[in-house]
Amino acid sequence: CDAFSLVSLALGLGLAGFGLAALLTERYLARAGAIPGGGIGKRLFIALLLGVLLLGLLLVLFPQCRGGPYAGVAPEVAALLDLVEEAQPLWRALGSNPGLALQFSLLPLTAVLLVGYHLGRARGQDRTLWLGLGVLVAGGLAVTLWQLRGGFLANAYAGLALAWLMTHLGARAARSPRLLSRLGLRLAPVALAALAPGLAGKLVESLSEASVAANSSPLAAPCDLGPALARLNQSPWIDQVPLLIAAPVNEGARILLQTPHAVLAAPYHRNPVGIRDNELIMSGDEKTVQAIAADRGVDFILLCPIEGAAAATGM
């Protein structure tokens, strides 16, 4: 359910169906005089009813997704997903990686402020348009409370509010007689959108790292498979391409990048069987290791170095 599949297509069609049904219902009831003037309560009730019906239809069509987007994955894969920063909820990311959380949320929060400013000033149709934009941005931000990468949606909608800011400052620039003033007004929203999230995130990240370094003991050295990878790029191993290697799962991508060999697993949750077998090789008893390695055709097992020396075990 977390793949580009019929589930994703159905979700998109469901959202489109919700919008179309809401529009047709609004026009029908307005023509019939059932929703005079405001009618916010009736509109919310109809929207809730449509949403529940469409969600129920999706769950009937795809019952396997009732357990969430990662339902049915192996426990080893679930443990890996729990470490993926973009898959963390916003509230957890604020504690573990505030810089990354700020990168995802700075522009949507700016857009919320712009929307709030306009809602206090706009009237009639303009107010309705800004309210609609506010719902989109707030909805995108709500997704980040489930997974941080939902911020991509909120940032896309935030671009609409920033487009107004660009237009507003561009109109002021056209009236300014000074070249530097015109350039500054035109470039300000571009710089905000392109640079502010990254720069602010890096600043917060550096401050938090400095705080951790000042209040904690030195961390253990990371796993360094450099010597083993250098050997795998030399004869006779370079002549036996590709060897299949089982290694700590987070080192899989580096092995793929720096050698011509294959790996049993890397930190990509689309390969749950490989991750499960790899973890059993890394942590299982000798009999289990030999059985899985033989079944999968593993040529080498690479272990994390001990006291600076990388260990490689030939199968």
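The structure under discussion appears in the preceding block.
Remember, predicted model here, so these are calculated numbers, not experimental data. (Residues numbered from 1 in each chain as written. Predicted model: local features only at pLDDT ≥ 70, side-chain atom pairs only at ≥ 80, totals over all residues. Heavy atoms only, no water.)

### A look at the nonpolar core
1) Next: Formed by 15 residues in total, the largest nonpolar core has its most connected members in Ala111, Leu114, Trp130, Leu133, Ala161, Leu162 and Leu165.
2) Next: Counting residues per element, the ones that place at least two in this core are helix H5 (98-119), helix H6 (124-144) and helix H7 (151-175).
3) Next: Broken down by element, the residue count for this core peaks at 6 residues, all from H7.
4) Next: Non-local contacts of Leu133, meaning those with residues more than four positions away in its chain, are made with Val115, Tyr157, Leu160 and Ala161.
5) Next: If you look at the next biggest cluster of nonpolar residues, it comprises 11 residues, including Ala228, Leu229, Ile245 and Ile255. (Core = buried A, V, L, I, M, F, W, Y, C linked by side-chain atoms within 4.5 Å. Buried < 20%, exposed > 50% of the residue type's maximum accessible area, 1.4 Å probe, protein only. Helix = DSSP H or I, 4+ residues; strand = E, 2+ residues; numbered from the N terminus. Contact = heavy atoms within 4.5 Å.)

### Remarks on the packing of aromatic side chains
1) Next: Scanning all chains against the criterion turns up 3 aromatic pairs.
2) Next: Summarising the aromatic geometry, the rings of Trp130 and Trp164 are spaced 6.1 Å apart at their centres and angled 80° between planes, so their arrangement reads as edge-to-face. You can see Trp130 sitting in helix H6 and its partner Trp164 sitting in helix H7, a full 34 residues away along the chain.
3) Next: Residue classification places Trp130 among the buried positions, given a relative accessible area of 13%. (Phe/Tyr/Trp six-rings, centres within 6.5 Å; stacked < 30°, edge-to-face > 60°.)

### Looking at the pattern of salt bridges
1) Next: Under the counting rule described, the total for this entry stands at 3 salt bridges.
2) Next: Among the ionic pairs, Glu251 bridges to Arg254, the shortest N-O distance being 3.9 Å.
3) Next: Residue Glu251 is classed as buried on the basis of its relative accessible area, which comes to 13%.
4) Next: Overall, Arg254 belongs to the partly exposed group, its relative accessible area being 27%.
5) Next: As a salt-bridge pair, Asp277 and Arg296 come within 2.6 Å of each other at their nearest N and O atoms. Here Arg296 lies in helix H13 (residues 286-296) and Asp277 lies in helix H12 (residues 272-283), a separation of 19 residues in the sequence.
6) Next: Overall, Asp277 belongs to the buried group, its relative accessible area being 8%.
7) Next: For Arg296, a relative accessible area of 31% puts it in the partly exposed group.
8) Next: A single salt-bridge network, built from bridges that share partners, covers Arg276, Asp277 and Arg296. (Salt bridge = Lys/Arg side-chain N within 4 Å of Asp/Glu carboxyl O.)

### Observations concerning the environment of Leu54
1) Next: Positionally, Leu54 belongs in helix H2 (residues 40-61).
2) Next: With relative accessibility at 26%, the residue Leu54 sits in the partly exposed group.
3) Next: Taking the C-alpha atoms as reference points, Leu54 and Leu15, 39 residues apart in sequence, are found 8.6 Å from one another.
4) Next: Once residues lying within four places of it in the same chain are set aside, the contact partners of Leu54 are Gly14, Gly17 and Phe18.

### Things to note about a nonpolar patch on the surface
1) Next: There is a patch of nonpolar side chains on the surface, built from Leu179, Leu180, Leu183 and Leu187 and spanning about 430 Å² of accessible area.
2) Next: Tracing the chain through its elements places Leu187 in helix H8 (residues 179-194). (Patch = residues over 30% accessible without salt bridge, like charges linked within 9 Å, V, L, I, M, F, W, Y side chains within 5 Å. Areas by Shrake-Rupley, 256 points an atom, 1.4 Å probe, with all protein chains shown as cover.)

### Focus: H5
1) Next: Between its first and last C-alpha atoms H5 spans 30 Å; for 22 residues at 1.5 Å apiece the expected length is 32 Å, and the two agree.
2) Next: Largest kink in H5: about 45°, centred on Ser105, with the proline Pro108 one to four residues after it. (Expected span 1.5 Å × (residues − 1). Bend = angle between axes of the 7 residues up to and from the residue.)

### Quick look at the packing of H5 against H7
1) Next: Where H5 meets H7, the axes come as close as 8 Å, and the angle between the chain directions of the two elements is 45°. In terms of orientation, H5 and H7 fall into the oblique class. H5 and H7 meet at a crossing whose hand is left-handed. Each of Phe104, Leu107, Pro108, Thr110, Ala111, Leu114 and His118 in H5 lies in contact with H7, whose residues at this interface are Gly151, Phe152, Ala154, Asn155, Ala158, Ala161, Leu162, Trp164 and Leu165. (Axes fitted to C-alpha atoms, helices over the stretch in contact; angles between N-to-C directions. Parallel < 35°, antiparallel > 145°, perpendicular 65-115°, else oblique. Left-handed = near helix turned anticlockwise from the far one by under 90°.)

Taken by themselves, the reported measurements are silent on function.
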